[in-house]
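For reference, the chains in residue letters:
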Amino acid sequence: MKKNVPVSAIMTKHVITLKLTDDLTKAESIFKHYKIRHVPVVNGNILVGMLSYTDLLRISFVDAVDDDAEVVDTMVYNMFTIEQVMTKKLIKIAPDLTIREAAEILASNEFHALPVCLHDLIVGIVTTTDMIKYLIHQY
């Protein structure tokens, strides 16, 4: 297995983001359309938070309601802003951090994605799925 490979080798470079002014209905649409689970939130070009699909599920009644689930989602989503639901305390990593170091951060915390930044500007995102794909590729 290769050692000291930078996280930039496996990160997603074309990052889909949300703005603080976007609503949660748009966020859900992005999660479903792109089949992703984590979206960085920006204010201008500055990273200010991370929204996960799990964050939406926590405030949603989707699993409890079969009929009119879309209507219930919209009502619930209109009660909150992205800023209220997103994670604000982020661990940001640099593109030259090793994959091992990034994996250690993910393993010791309760989240599954890390924003990759140069200062506060997001340049990528790395997830546990990226790590698993990298590991599979090594064998």
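Residues numbered from 1 in each chain as written. Predicted model: local features only at pLDDT ≥ 70, side-chain atom pairs only at ≥ 80, totals over all residues. Heavy atoms only, no water.

1. With respect to the pattern of salt bridges
On inspection of all chains with the given rule, the structure shows four salt bridges. Residue Arg 58 pairs with Asp 55 through a salt bridge whose shortest N-O separation is 2.9 Å. On the criterion of helical spacing, the pair formed by Arg 58 and Asp 55 is a turn pair, its members being three residues apart in helix α2 (residues 53–59). Judged by its relative accessible area of 7%, Asp 55 falls in the buried class. Here Glu 104 makes a salt bridge to Arg 100, at a shortest N to O gap of 3.0 Å. (Salt bridge = Lys/Arg side-chain N within 4 Å of Asp/Glu carboxyl O. Helix = DSSP H or I, 4+ residues; strand = E, 2+ residues; numbered from the N terminus. Buried < 20%, exposed > 50% of the residue type's maximum accessible area, 1.4 Å probe, protein only.)

2. A word on the pairing of strand β5 (residues 121–127)
When you tally the buried positions in β5, you get five out of seven residues, the bulk of the element. Relative to β5, strand β4 (residues 113–118) runs antiparallel, the two being bridged by six bridges. Note on β5: the bridge partner recorded for Leu 114 is Val 126. What sits between the antiparallel neighbours β4 and β5 is a turn of two residues, in which His 119 has the positive phi angle 60°. (Pairing = 2+ DSSP bridges.)

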